[in-house]
Amino acid sequence: LTPESSWVLVMDGLREPLPCAPGYRWEQTREMVVVSFEVPDKLPPELVHVSITSTEVIGGVRGETPMVSGSLHQSVCLSGCGWEHRARRGYGEVVITLAKAVAIEWSFPIKGDCGDGMTPMDGQSEYEIAKFHERCQDFDRSLHRIRKAADKGLTVAELHLGQIYQPGDTQQRYPVSHDPAAAVDLYLRAAVGGSSDALVLLGACHQEGGHLERDTALAVRYFERAVSEGQKGNDVILGRAGMPVQHRAAALFTLGMIHQYGDGNVGADPEAAVRWWTAAAEHNFAPAVFNLGVAYCKGVGVPADLSVARQHFQRAQRLNPNLQIPESVLDRGGEADTE
């Protein structure tokens, strides 16, 4: 730490320096906060006073105004906290280590130290707090933080908030009304932010209709773009490169389902369906493997081949033991069914 400024240490490197808090400097990792302040050279350690509770910290020289004092930005775990007095060239330094109770980024260590100019919490930190409240089943506070993170342009929060506005299990846990228009707007924002997951959800919205005009051809384009963008590693959900494999496989599977019999303004193309399912099966997506078994069993999109069908059915059952495999396929050889 330098006397002029403090660096906020994040997991992937250093950010721009923040202004020093009054009387002290600080830095942080995802799990820890370190606060330091100068004391006179050769000050006896017994004259240093530091008090740490789970929600407050005081530090300074006994008999003088504390250099750091107040309520902490977030609570800490006392078992991981401590302090030490270090001798520097020409001055002494007191270093206080605080173990975060929740692994989120702090905007400042002491509440109110920055006054009206306090550095605002970034979107990722807002979202980390939202997830903490969600784990605690406090969905009011979680929703508040998710909205703030989405307003700050955090793609994963935009996607999450969109799913909350959609009907389903996620929406039912949060105190909001069903709002498909808001959901689509948030998916579009997340897609602009680089989320392949958002493209999948936009495809599903256009495939199902409802608030949007049902347009299967547009849905197919969204699904195809999601697969393409996922392959390029453009997805930013959860901060990891590449579209999550199961999500990409689900998009491939859905493309196969649309082409199997045709849907809306997309004509039937059984051969294309088999190609999409084959791509999904490469990711061990059990429903796609099962449908390949059906295709080879019935001779739809591919030549009928009961032996190949049996292989696909057996693999699908290994991937998902709950799948019911036709006994006629597993128990006998011969020609494939054509019914």
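Above this text is the structure in question.
As the structure is a computational prediction, the values presented were derived from the model and not from experiment.

**Q** Help me understand the overall build of the chain in this model?
**A** When its secondary structure is counted, the chain shows 12 helices and 11 strands. When contacts within the chain are restricted to residue pairs at least 6 apart in sequence, those whose partners lie at least 24 apart make up 51%. For the chain, the exposed surface amounts to about 17200 Å²; the carbon and sulfur share of it is 50%.

**Q** Would you explain helix α9 (residues 270-281) in this entry?
**A** Note: α-helices contain 3.6 residues per turn, so residues at a spacing of three or four share the same orientation. The end-to-end C-alpha distance of α9 is 16 Å, a good match for the 16 Å that 12 residues give at a rise of 1.5 Å each. Looking only at α9, the buried set comprises Ala272, Ala273, Val274, Trp277, Ala280 and Ala281.

**Q** Any chance you could explain the pairing of strand β7 (residues 48-52) here in plain terms?
**A** Walk down a regular strand and you will see the side chains alternate between the two sheet faces. Sheet topology places β7 next to strand β8 (residues 56-61); 5 bridges connect them, and they run antiparallel. Counterpart to Val50 in the pairing with β8 is Gly59. Taking the residues between adjacent antiparallel strands as the criterion, β7 and β8 are bridged by 3 residues.

**Q** What is the right way to read the sheet that holds strand β9 (residues 68-71) from this model?
**A** Picture the strands of a sheet paired through backbone hydrogen bonds; they go either parallel or antiparallel. Strand order in the open sheet made by the 3 strands is β7-β8-β9, with antiparallel pairing throughout. Every interior strand has two partners, whereas the edge strands, β7 and β9, have only one. Ignoring which end each strand starts from, the neighbouring axes of this sheet average 5° apart. Where β8 lies against β9, 4 bridges are found, and the strand directions are antiparallel. Residue pairing for β9: Gly59 is matched across the bridge by Val68.

**Q** I would appreciate a short explanation of the packing of helix α3 (residues 155-165) against helix α5 (residues 180-192) in the present structure.
**A** When two helices pack together, their arrangement is given by the angle between their axes and by how far apart the axes lie. For the pair α3 and α5, interaxial distance at closest approach is 8 Å and the crossing angle is 160°. Here α3 lies roughly antiparallel to α5, going by the angle between them. The handedness of the crossing between α3 and α5 is left-handed. Contact residues: Thr155, Glu158, Leu159, Leu161, Gly162, Gln163 and Tyr165 in α3; Pro180, Ala182, Ala183, Leu186, Tyr187, Arg189 and Ala190 in α5. A breakdown of the residues in the contact of α3 with α5 according to their chemical character gives 9 nonpolar, 3 polar and 2 charged.

Criteria and thresholds
- Residues numbered from 1 in each chain as written.
- Predicted model: local features only at pLDDT ≥ 70, side-chain atom pairs only at ≥ 80, totals over all residues.
- Heavy atoms only, no water.
- Helix = DSSP H or I, 4+ residues; strand = E, 2+ residues; numbered from the N terminus.
- Contact = heavy atoms within 4.5 Å.
- Areas by Shrake-Rupley, 256 points an atom, 1.4 Å probe, with all protein chains shown as cover.
- Expected span 1.5 Å × (residues − 1).
- Buried < 20%, exposed > 50% of the residue type's maximum accessible area, 1.4 Å probe, protein only.
- Pairing = 2+ DSSP bridges.
- Axes fitted to C-alpha atoms, helices over the stretch in contact; angles between N-to-C directions.
- Parallel < 35°, antiparallel > 145°, perpendicular 65-115°, else oblique.
- Left-handed = near helix turned anticlockwise from the far one by under 90°.
- Nonpolar A, V, L, I, M, F, W, Y, C, P; charged D, E, K, R; others polar.

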